[in-house]
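Architecture at a glance
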Amino acid sequence: MTKKIVTLAGDGIGPEIMAAGLEVLAAVAPKINFDYQVEAKDFGGAAIDRQGHPLPEATLEAAQAADAILLAAIGGPQYNDAAVRPEQGLLALRKALGLFANIRPVQIFPALQHLSPLKSEIIAGVDFVVVRELTGGIYFGEHTLNARDARDINAYTYEEIDRIIRVAFELARDRGKKVTSVDKQNVLATSKLWRLVAEEVAKDYPDVILEHALVDSLAMKMITNPSDFDVIVTENLFGDILSDESSVLPGTLGVMPSASHADNGPSLYEPIHGSAPDIAGLGIANPISMILSVAMMLRESFGEIAGAQYIEHAVDKTLRDGVLTKDLGGQASLSEMTAAIIANL
Ligand code: NAD
Ligand code: IPM
Ligand code: MN
């Protein structure tokens, strides 16, 4: 059966890296007999420019009817003071599709080890996953902005915490059997509930170790002792910050993919980074984050394990060949990197 993939290229480097991801998909598909069609839709700033709204009705409907969604990046400085921002479209899409479980893997390609700003012995063997709650918390509480005061409400229900903690335990069961639950339990009520729920859920997973960490010191340990972690689970805002921080380990945001899952319906795959306006249009963005998001899609939405591995091995080989984009200290352009990965498939 033909799989329907909706693509949301968005803004900045978005269209460039989406094209690269789709080229790699087109190259791997015949090797695994993967039959698919792509439907490109307006999203983010591009949709504001063309249709006046960051998440047009037709885009949402197509996304809901898709078998999987690929998203590149949205946003840009031209929208900073606009009444409606591209980011609102992204949050509305995540909410509408119920994409509460955001999986952000952190691993170090051996070829990149010496390029990390951290010492090789610190990052050797790093392999963890940040599980970020994506449809709750302070992102979705009421926001009030007046001239002389402002507030953002952070709220979580028991059920919202329970389901994301379970995602983390299920993942850990198939990996290193350790969950680090991150909160600010010494201050926040939401974090006190978070920790209690984590303790409750842990009773169902006696084979998995649960440890708790406060977000401030965890932010430090992620850099000083990154190989201590297996699955890190945390609320929406902490997960946003910690996952960008984790990109310091491989040395660039440009290699960081993600998957977002709902209880039902299509999953969405996107790099963790943004639209990189500082390098947009220059043809020098690193497409690996998008290409590895395609690999995650093949594995997690379509069970195409071999296809995912072909892509991941090709990326690994390309980096070992010394093909590096500017963010990795190299000279390769986006198209040279993409072509090299395809040649290594
Ligand atoms: P950013 O992630 O876009 O960029 C941060 C830095 O990383 C920049 O120096 C950029 O050049 C670099 N970078 C990011 N991706 C790269 C890649 N693939 N290759 C090489 N270098 C890369 O963060 P920002 O500049 O703070 O945000 C820019 C815009 O993106 C904002 O409007 C923000 O809201 C939006 N944003 C969107 C998403 C998304 O679409 N999911 C995620 C994060 C930020
Ligand atoms: C991300 C981004 C988004 C977030 C922004 C663009 C709303 O930073 O996907 O990590 O904060 O979730
Ligand atoms: Mn982010």
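Here, the structure is the one placed above.
None of the values given here were measured: they were computed from a predicted structure. (Residues numbered from 1 in each chain as written. Chains lettered and ligands numbered in written order. Predicted model: local features only at pLDDT ≥ 70, side-chain atom pairs only at ≥ 80, totals over all residues. Heavy atoms only, no water.)

Details of the site of ligand 2
How we decide: We call a residue near a given molecule or strand whenever any one of its heavy atoms falls within 4 Å of it. For the purposes of these results, a polar contact is taken to be a pair of N or O atoms within 3.5 Å, where, inside protein, one atom must be able to donate a hydrogen and its partner to accept one; residues adjacent in sequence count only when each atom of the pair is a side-chain atom. Using a 1.4 Å probe, accessible areas were evaluated by the Shrake-Rupley method; residue-level cover was limited to the displayed protein chains. Here the limits of each domain have been adopted from an automatic or database domain assignment.
If you check the shell around ligand 2, you find E87, L90, R94, R104, R132, Y139, D240 and I272 and nothing else. A distance of 2.8 Å separates an oxygen atom of ligand 2 from a polar atom in the side chain of R132. At a separation of 2.9 Å, an oxygen atom of ligand 2 approaches a polar side-chain atom of D240. Look at ligand 2: alone it shows 320 Å² of surface, and the protein chains cover 79% of it. The residue makeup of the shell around ligand 2 includes at least three contributed by each of domain 1 (1-101 + 256-345) and domain 2 (127-248).

Topic: the packing of aromatic side chains
Using the following cut-off: Between the rings of Phe, Tyr and Trp (Trp by its six-membered ring), a pair exists once the centres lie within 6.5 Å; its type follows the angle of the planes, with under 30 degrees stacked, over 60 edge-to-face, and the other angles tilted. For each residue, the accessible area found with a 1.4 Å probe, counting protein chains only, is set against the maximum for its type, and the residue is called buried under 20%, exposed over 50%, and partly exposed in between. The helix and strand labels rest on DSSP assignments: H or I over at least four residues marks a helix, E over at least two residues marks a strand, and numbering proceeds from the N terminus. We call a charge positioned above a ring when the Lys NZ or Arg CZ atom is no farther than 6 Å from the ring centre and deviates by at most 35 degrees from the ring normal.
With the rule as written, the count across this model stands at 5 aromatic pairs. For the ring pair F34 and Y36, a centre distance of 5.5 Å and an interplane angle of 15 degrees mean the geometry is stacked. For F34, a relative accessible area of 8% corresponds to the buried category. Both rings, one in F128 and one in F229, keep their centres 6.2 Å apart while their planes meet at 75 degrees; by these two values the pair is edge-to-face. Residue F128 is located in strand β5 (residues 127-133), and its partner F229 is located in the loop between α8 (215-224) and β10 (231-234); the two are separated by 101 residues in the primary sequence. Residue class for F128 comes out buried when judged on its relative accessible area of 0%. An aromatic cluster is built from F34, Y36 and F302, whose rings are joined through pairwise contacts. Above the ring of F140, the side-chain terminus of K95 is found at 4.8 Å from the ring centroid. For the cation-ring pair, R163 lies above F100, with the distance from its terminal atom to the ring centre recorded as 4.1 Å.

Describing the site of ligand 1
The cut-off we apply is this: Polarity classes work like this: nonpolar for Ala, Val, Leu, Ile, Met, Phe, Trp, Tyr, Cys and Pro, charged for Asp, Glu, Lys and Arg, and polar for all others, with Gly in that last group.
In the neighbourhood of ligand 1, 21 residues make up the surrounding shell, with E87, G274, A276, D278 and N286 lying closest. Between ligand 1 and E270 there is a distance of 2.9 Å, counted from a nitrogen atom to a side-chain nitrogen or oxygen. Taking 820 Å² as the accessible area of ligand 1 by itself, protein coverage stands at 71%. In terms of residue class, the shell around ligand 1 is built from 10 nonpolar, 7 polar and 4 charged.

What about the nonpolar core?
Note the following rule: Buried Ala, Val, Leu, Ile, Met, Phe, Trp, Tyr and Cys residues that are joined via side-chain atoms within 4.5 Å together make up what is termed a nonpolar core. Contact between two residues is taken to exist if any of their heavy atoms lie within 4.5 Å; hydrogens are not considered.
Grouped together as the largest cluster of nonpolar side chains are 85 residues, with contacts concentrated most on F128, I165, M297, L298, I311, V315 and L319. Mapped onto the domain boundaries, this core takes at least three residues apiece from domain 1 (1-101 + 256-345) and domain 2 (127-248). Apart from residues no more than four positions distant in its own chain, I165 is found in contact with S181, W194, A198, V201 and V233. Ranked by size, the runner-up nonpolar core spans 17 residues in total, among them A62, L71, L97 and A262.

Remarks on the sheet that holds β5
Quick reminder of the rule: Two strands form a pair only when DSSP identifies at least two bridges running between them. Only the contacting stretch of a helix is used when fitting its axis, a line to C-alpha atoms as for every element, and angles between N-to-C directions run 0 to 180 degrees.
With mixed pairing, 10 strands are arranged side by side in an open sheet as β2-β1-β3-β12-β11-β4-β5-β10-β8-β9. This sheet does not close on itself; its edge strands, each paired only once, are β2 (36-40) and β9 (209-214). The sheet shows a mean angle of 25 degrees between the axes of neighbouring strands, taken without regard to direction. Of the strand pairs in this sheet, strand β3 (residues 68-73) and strand β12 (residues 267-269) are connected by 3 bridges, and their pairing is parallel. Bridge pairing in β12 places L70 opposite Y269. The sheet contacts of α8 involve β5, β8 (178-183), β9 and β10, and relative to β9 the element is tilted by about 105 degrees.

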